[in-house]
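The lines below spell out each chain.
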Amino acid sequence: MILRFENVTKYFGGLAAVKDVSFTVGENQILGLIGPNGSGKTTCFNLITGVHKPTSGNILFEDKEISGTPSHKIARMGIARTFQISSVFPTLSAVENVVTAHYNKTRSNFVTGLFGICGTIKEEKRVLEHSEELLEFVGLKEKMQTQADSLTSADQRRLMIAIALATSPKLLMLDEPCAGMIEDERAELIALMRSVCKDGIPILLVEHHMKMIMEVCHHVVVMNMGQKIAEGKPEDIQKNEAVIEAYLGRSGNHA
Ligand SMILES: Nc1ncnc2c1ncn2[C@@H]1O[C@H](COP(=O)(O)OP(=O)(O)O)[C@@H](O)[C@H]1O
Ligand SMILES: [Mg+2]
């Protein structure tokens, strides 16, 4: 298991946003985390990425306790995430965004100091090539030079994934990556997630869109009001009474 979320509780004042929730992400797995709005999904992401510290419980990444570790250290350990709201640099081009993401990882200042200017130029070339490859991988090759804020929201979500992959993560976490996407774009995103997983990077996916979760996830965890109410294979989750009641029943239009 790459990630273990064990009996985690997070209170905000008197509100338990996450209450005694446990799940694991396996090495070659796409794990789906679903639930109605406000059920605690993003809080789980924020706990894993060090934005919040759990009130109680343990979070283990590669068997090491990470709860309470600062966000930048967790990112360096190999957990990358995308956000519900676009987090790209709006006035940089797509490729500049991905290049910038590399430098959070490559310690270029250290390399510059050690090998002089030649090392840097070589490194810059390598980073640019890798950035271009990543943009091709996420389907943005043709839009490499486009300013990020001129990209469609679907393309900005793809760009966020390229940025996350630039850090060579061991775990990729996606928070509602297909919000605002049309059917075709969702299908492309599913294909992209499958290739990321096939390349050896497991994915933790928070998604509101039921059909997408059912199509792409190997295993699904369902939350409601801060608690885990079910988990299992997509086909079993779809039949689970508590899930239908809490999730599908209430909001109706996510099938
Ligand atoms: N930083 C915070 N401070 C106070 N309450 C929060 C904070 N973040 C989330 N919450 C509350 O925790 C609950 C779960 O929110 P969230 O994890 O964003 O749900 P989801 O992503 O499933 O929609 C909500 O009631 C929300 O208002
Ligand atoms: Mg959320």
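Residues numbered from 1 in each chain as written. Chains lettered and ligands numbered in written order. Predicted model: local features only at pLDDT ≥ 70, side-chain atom pairs only at ≥ 80, totals over all residues. Heavy atoms only, no water.

Our focus in this paragraph is the overall build of the chain. Looking only at helices and strands, the chain has nine helices and 10 strands in total. Over its C-alpha atoms the chain spans a radius of gyration of 19 Å, differing by no more than 12% from the 18 Å that the globule rule assigns to 255 residues. Judged by the C-alpha coordinates and their principal axes, the chain covers about 60 × 40 × 30 Å. Split into buried and exposed, the 255 residues of the chain put 51% on the buried side. Partitioning the contacts of the chain with sequence separation of at least 6, the portion at a separation of at least 24 is 67%. Counting 27 positive and 30 negative side-chain charges, the chain places the averaged centre of each group 5 Å from the other. (Helix = DSSP H or I, 4+ residues; strand = E, 2+ residues; numbered from the N terminus. Rg over C-alpha atoms; globule rule 2.2 N^0.38 Å. Buried < 20%, exposed > 50% of the residue type's maximum accessible area, 1.4 Å probe, protein only. Contact = heavy atoms within 4.5 Å. Lys, Arg positive; Asp, Glu negative; His and termini not counted. Charge placed at Lys NZ, Arg CZ, Asp CG, Glu CD.)

Packing of helix H3 (residues 94–103) against helix H5 (residues 153–165) brings their axes to within 8 Å, and their N-to-C directions diverge by 25°. Comparing their axes, H5 and H3 come out roughly parallel. Like other packed secondary-structure pairs, H3 and H5 cross with a definite hand, here right-handed. For the pair H3 and H5, contact is made by Ala94, Asn97, Val98 and Ala101 and by Leu159, Ala162 and Ile163, respectively. Of the residues in the contact of H3 with H5, the class split is six nonpolar, one polar and no charged. (Axes fitted to C-alpha atoms, helices over the stretch in contact; angles between N-to-C directions. Parallel < 35°, antiparallel > 145°, perpendicular 65-115°, else oblique. Left-handed = near helix turned anticlockwise from the far one by under 90°. Nonpolar A, V, L, I, M, F, W, Y, C, P; charged D, E, K, R; others polar.)

Let's shift gears to the coordination of the magnesium ion (ligand 2). In an ideal tetrahedron of four donors about a metal, each angle is 109.5 degrees. In an ideal octahedron of six donors, the angles are 90 or 180 degrees. Protein-derived ligands of the magnesium ion (ligand 2) are Thr42 (OG1) and Gln84 (OE1), with the metal-ligand distances lying across 2.0 to 2.6 Å. Here Gln84 lies in the loop between strand E6 (79–81) and H3 and Thr42 lies in helix H1 (residues 41–48), a separation of 42 residues in the sequence. (Donors = N, O, S within 2.8 Å, 3.2 Å for Na, K, Ca; no water.)

Ranked by internal contacts, the top residues of the largest apolar core, which has 50 residues, are Leu135, Leu159, Leu172 and Met193. Residues lining this core come from more than one domain, with at least three contributed by each of domain 1 (1–78 + 169–255) and domain 2 (90–168). The residues touching Leu172, leaving out its near neighbours within four places in the chain, are Ala80, Ile161, Ala164, Leu165, Val196, Ile201, Pro202, Ile203 and Leu204. Formed by 25 residues, the second largest nonpolar core is a distinct cluster that contains Val21, Phe61, Ile74 and Leu204. (Core = buried A, V, L, I, M, F, W, Y, C linked by side-chain atoms within 4.5 Å. Domains from an automatic or database assignment.)

A separate point is a negative patch on the surface. There is a patch of like negative charges on the surface, built from Glu132, Glu133, Glu136 and Glu142. Relative to the helices and strands, Glu133 resides in helix H4 (residues 108–137). (Patch = residues over 30% accessible without salt bridge, like charges linked within 9 Å, V, L, I, M, F, W, Y side chains within 5 Å. Areas by Shrake-Rupley, 256 points an atom, 1.4 Å probe, with all protein chains shown as cover. Salt bridge = Lys/Arg side-chain N within 4 Å of Asp/Glu carboxyl O.)

Next up on the list: H3. Burial runs high along H3: seven of the 10 residues are buried. All of the buried residues in H3 are Ala94, Val95, Asn97, Val98, Val99, Ala101 and His102.

Right, let's get into the domain arrangement of the chain. One can read the domain layout of the chain as domain 1 (1–78 + 169–255) and domain 2 (90–168). Between domain 1 and domain 2, the contact holds 19 residues from the first and 14 residues from the second. Of the roughly 1300 Å² buried between domain 1 and domain 2 on both sides combined, carbon and sulfur atoms contribute 64%. Taken as a group, Arg76, Pro169 and Leu192 account for 39% of the area that domain 1 buries against domain 2, more than any other trio of residues on that side. Between Arg158 and Glu188 there is a salt bridge, with its nearest N and O atoms 2.8 Å apart. On inspection of domain 1 and its partner domain 2, the count reaches three residue pairs in polar contact (both at pLDDT 80 or more). Going through the elements one at a time, strand E7 (171–175) and helix H6 (183–198) are the ones with two or more residues in the side of domain 1 that touches domain 2. If one sorts the elements of the side of domain 1 that touches domain 2 by residue count, H6 sits on top with six residues. (Buried area = accessible area lost by both parts, 1.4 Å probe. Polar contact = N/O pair within 3.5 Å; in protein donor to acceptor, adjacent residues only side chain to side chain.)

The next thing to look at is H5. Helix length check: H5 (13 residues) gives 19 Å between terminal C-alpha atoms against 18 Å at 1.5 Å per residue, within 8%. Where burial is concerned, most of H5 is hidden: 11 out of the 13 residues are buried. (Expected span 1.5 Å × (residues − 1).)

Further remarks concern the sheet that holds strand E5 (residues 64–65). One open sheet holds the four strands; their spatial order is E2-E1-E4-E5, and the pairing between them is antiparallel. Each of the sheet's edge strands pairs with one partner strand only, and the pair in question is strand E2 (15–25) and E5. Relative to E2, strand E1 (residues 3–12) is paired through seven bridges, and the arrangement is antiparallel. Residue Lys10 lies in a different strand from E2, and its bridge partner there is Val18. (Pairing = 2+ DSSP bridges.)

Take the site of ligand 1 next. Near ligand 1 the following residues occur: Phe12, Leu15, Ala17, Pro36, Asn37, Gly38, Ser39, Gly40, Lys41, Thr42, Thr43 and His52. Note that an oxygen atom of ligand 1 is positioned 3.2 Å from one of the backbone N or O atoms of Ser39. In this structure, an oxygen atom belonging to ligand 1 sits 2.8 Å away from a side-chain N or O atom of Lys41. Relative to its unbound accessible area of 560 Å², ligand 1 is 61% covered by the protein chains. For the shell around ligand 1, the elements supplying multiple residues, two or more each, are E2 and H1. (Near = heavy atom within 4 Å.)

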